[in-house]
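# Chains, contacts and geometry: an overview
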Amino acid sequence: MKRALALVERDMRKFRRSPALLFASLVLPLVQLVILGNAFGGNIKNVNLGVVNLDHGPQSADVIERLRAVGANARTFLPTDYDDEGAAVRDLRRGVLGAVVIIPQRYSRDLLERHQPHLALITDNTDRSVAGAVSQQMSDLVASINAPQVTPRERAQAALDVVEVYPYINYIKYLLPGSVTLAIFVTAMIGGGMLFIDDKARGLHEGYMVTPITKWELIAGFNLSGVIKAMLAGMTVLVLGGVIAEVPNFFEPVRLAELTMMAVLTSVALIGMMFFIMARISDPLVPRAIFGVLNTLLFFPSGAVYPIAGFPGWLRWMSVCDPFTYAVHGFRTLLLKDSGITAVTTDIFALALTSVVVLSGATLLFRRTL
Amino acid sequence: MASAASPNLSIDVEDITKRFGALVAVEHVSFSVKAGEIFGLLGPNGAGKSTLIRMLTTLVPPTNGTATVAGYDIVRDPDAVRCRIGVIPQNMTSDPELTCAENIGIHARLFGITGTQRRERTAELLKAVGLQDRANALASTLSGGMRRRLEIARGLVNDPPILFLDEPTTGLDPASRISVWEMITHLRAQQGRTLFLTTHYMDEADRLCDRVAIVDKGRIVALDTPVALKSSVPGASRIEVQFEPDLPNGAADLEALPAVQSVRPLGSATYRISSDRGPASAQELVELARERQLELKSLSVESTSLDDVFLHYTGHGLAEADAPAGAGQAKKGGPR
């Protein structure tokens, strides 16, 4: 085992001397965290809403009053008055407006005569997020118009009270576990798989193959140095991301220890997986070529950016086989729920099993000779 | 487990063969190297020299045959072999992103040398190869000659009784070559190591080696001391002569001279003559020119070189054999 530490020393010296590797490992996950975290999952605001009032009665004035209240407070949309329905729809098609509300003629009279008048909402459904947000806001607005002014005495009305177990989770917090896993994966690719292949391509491996280092020591040395580097990258993104995403009580020691353990397990599994893939490869272009494919195959089915419950069946099966899934779930449970180690036993087991399988496979494939 | 090989033999190779698919890189090669000897494998690129050295240094398993190095079988006991050898591969295998001291120190650790012993050994070796002032310089900043010296220092880190050098001066400038030659001579003279080197430079083999094996197309075609090899070639001297104008009967006039063994016309009234008696032949040529009233435009006499030996045993010169195709030619993942 002493000889394995020589490889670790070598890699650590090179790692320290080449901050570009650490930088490269951190940039992608952190940029993704900050950009995607802020780009997705936020509330839709300031959608231009055209309002065509064909009624001009007291009830339509109430509707317009409520629309303006939304524009002034929730700011989901900003109403603009239009006299002509055709002009409003033209502006909707040109992208000037995000939606158009039409208050029909006789709206006030029909409402008072209980003839159930219809407000029309025309949305730009090329953008489902904006259309959905405006529709939801308008549904709430119509429900508030329909709500009786005086509570009826005959029958009690059922109500739903929603209670969120955890403090408000914005998307950047939701994304953080995936970013930590991604940092570990990128380091496993660059600092684990690629370095080993580069050693082969430059003939440097001949230098240590002629020493008495055993096959087991070589495997242990490569994987240990890879795990240390991946851990460093993962923990750096975890701490920076925790601060950026404002995770509450982030520096609580027990939770940090649990997160560190999860980072170690994830690093061992992903470094082992890279070593398994690279055990018989000599061409330095191969890891570069498969990097993007692997990233997509592992990162996106893991539930890092979107819930697995929303996947089609075949993709859900992929996520079951994906070690990223367990890493992301484990980090998310510890980071956002703070549920303790017992809540992640399945993730620990899955990552440990992955580590055993890939390292056994890599040991079988790895050759001590050229 | 050590084999029953003679204690005077550092390397003993018996009928070793290496195939890469259909390509036979080394074919039924046998030889032995005595302790303290500088043994050279001379041959063109692709002759199988590097494959042979890679088998002996346990990097590549042989297809057939056996070999012992330092008394240990290369297949059955490779770790024992690795503990007793130093290897300076053809490719620079020191890490360019590490300093000279780090390269040696980490290599020492791979041999289980740690702590103070490691630091002392590193300093000692850097001094021995004249790189003590560059201890903290990155290997990538060294010149080719310095880098080769670093490789030699690294190969000596475990103080091995047997040192393998695969084309140690390939790609070096003349000054660096001489420096490496001096280092190799010193290694044997001062420390009594066995040195096994491969080269495709005739002068290198001639100057450094006690014995030379000539390798061509995976086989050893001749093996002896450089002097014995040269003596084995008919025509110990090589004479090149140019007349003005040309001889009336060309090569036939020269073949009639008593000291001349063979004549090869080179064109432009120039002839290459092989002779066992160089000075006598030169005198005969001067007299012939005077008799025929010809001018001797040039006359040079050279002793037989290993080049001639190679030509004699293989039927072609080294440069011709360096052509890219042919048996034993290097290919990716295969022999070199």
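What counts as what
Residues numbered from 1 in each chain as written. Chains lettered and ligands numbered in written order. Predicted model: local features only at pLDDT ≥ 70, side-chain atom pairs only at ≥ 80, totals over all residues. Helix = DSSP H or I, 4+ residues; strand = E, 2+ residues; numbered from the N terminus. Buried ≥ 20, exposed ≤ 12 C-beta atoms within 10 Å, placed from the backbone. Contact = placed C-beta atoms within 7 Å. Rg over C-alpha atoms; globule rule 2.2 N^0.38 Å. Pairing = 2+ DSSP bridges. Axes fitted to C-alpha atoms, helices over the stretch in contact; angles between N-to-C directions. Left-handed = near helix turned anticlockwise from the far one by under 90°. Nonpolar A, V, L, I, M, F, W, Y, C, P; charged D, E, K, R; others polar. Expected span 1.5 Å × (residues − 1). Arc of directions from axis to C-beta. Domains from an automatic or database assignment. pLDDT = per-residue confidence, 0-100.

## With respect to the overall build of chain B
Counting secondary structure elements, chain B contains 12 helices and 14 strands. Put simply, chain B has 336 residues, and 45% of those count as buried. Considering only contacts in chain B between residues 6 or more positions apart, those separated by 24 or more positions represent 69%.

## What about the overall build of chain A?
Counting its regular elements, chain A contains 14 helices and four strands. What you see for chain A is a C-alpha radius of gyration of 29 Å, clearly larger than the 21 Å of a compact globule of 370 residues, by over 25%. For the C-alpha atoms alone, the extent of chain A along its principal axes is close to 95 × 45 × 35 Å.

## Comments concerning the interface of chain A and chain B
With 22 residues of chain A at the contact, the number on the chain B side is 25 residues. Listing elements by their share of the side of chain A that touches chain B, those giving two or more residues are α1 (2-17) and α8 (205-209) of chain A. Element by element, the count of residues in the side of chain A that touches chain B is highest for α1 of chain A, at eight residues.

## Details of the sheet that holds strand β10 (residues 219-224) of chain B
Residue and element names in this part refer to chain B. Across the sheet, six strands lie side by side as β6-β7-β8-β3-β9-β10; this open sheet has mixed pairing. Two strands lie at the open edges of the sheet, namely β6 (85-88) and β10, each paired on one side alone. Taking the axes of each pair of neighbouring strands and ignoring which way they run, one obtains an average angle of 15° across the sheet. Alignment of strand β7 (residues 162-166) against strand β8 (residues 194-199), held across five bridges, turns out to be parallel. Paired with Asp 166 across the bridge in β8 is Thr 198. Lying on the sheet, helix α1 (residues 49-56) is in contact with β3 (38-42), β7, β8 and β9 (211-216); it crosses β7 at an angle near 150°. Docked against the sheet, helix α11 (residues 306-314) engages β3, β9 and β10, running at close to 45° with respect to β9.

## Here's the deal with the packing of helix α13 (residues 323-337) of chain A against helix α14 (residues 345-365) of chain A
Residues and elements named next belong to chain A. For the pair α13 and α14, the least separation of the axes is 9 Å and the interaxial angle reads 145°. Crossing of α13 against α14: the hand is left-handed. The residues of α14 that touch α13, namely those facing Pro 323, Tyr 326, Ala 327, His 329 and Gly 330, are Asp 347, Ala 350, Leu 351 and Thr 354. Tallied by class, residues from the contact of α13 with α14 come to five nonpolar, three polar and one charged.

## Topic: helix α3 (residues 58-72) of chain A
Helical periodicity: at 3.6 residues per turn, an α-helix aligns residues three or four positions apart in one direction. Residue and element names in this part refer to chain A. The first and last C-alpha atoms of α3 sit 21 Å apart over 15 residues, in line with the 21 Å expected at 1.5 Å per residue. For α3, every residue scored as buried is listed here: Ser 60, Val 63 and Leu 67. Viewed end-on, α3 has its buried residues packed into an arc of 55°, placing them on one side of the element. For α3, the exposed residues lying more than 90 degrees away from the buried face are Pro 58, Glu 65 and Ala 72.

## Overview of the domain arrangement of chain B
Domain annotation of chain B identifies domain 1 (9-84 + 160-230) and domain 2 (235-303). Taking the mean C-alpha position of each, domain 1 of chain B and domain 2 of chain B sit 39 Å from one another.

## Looking at the confidence of the model for chain B
All names here are of chain B. For chain B, per-residue confidence averages 85 on the pLDDT scale, and residues scoring 70 or more make up 91% of the total. Scored below 50 in pLDDT, residues 323-336 shows 30 contacts in the model against residues more than four places distant or in partner chains. If you check the scores for this complex, the pTM reads 0.77 and the ipTM reads 0.77.

## Section: the pairing of β3 of chain B
All names here are of chain B. Where burial is concerned, most of β3 is hidden: five out of the five residues are buried. Residue alternation in β3 divides its side chains into two sets, Ile 38, Gly 40 and Leu 42 and Phe 39 and Leu 41, and both sets are buried. Bridge analysis of β3 against β8 gives five bridges, and the strand direction is parallel. In the sheet register, Gly 40 faces β8, and the bridge partner there is Leu 197. Across four bridges, the pairing between β3 and β9 is parallel. Counterpart to Leu 41 in the pairing with β9 is Ala 213.

## Observations regarding unusual backbone geometry
Comment: phi is negative for the bulk of residues other than glycine, and the bulk of peptide bonds are trans. Cis geometry is adopted by the peptide bond preceding Pro 245 of chain B, which originates at Glu 244 of chain B and carries an omega value of -5°. Mapped onto the fold, Pro 245 of chain B is located in the loop between β11 (237-244) and α9 (251-255). One non-glycine residue, Asn 46 of chain A, lies in the positive phi region at around 60°. Mapped onto the secondary structure, Asn 46 of chain A falls in the loop between α2 (19-39) and β1 (47-53).

## Some remarks on the domain arrangement of chain A
Here the domain parsing of chain A yields domain 1 (2-40 + 170-365) and domain 2 (47-146). Once you take the C-alpha centre of each, domain 1 of chain A and domain 2 of chain A turn out to be 50 Å apart.

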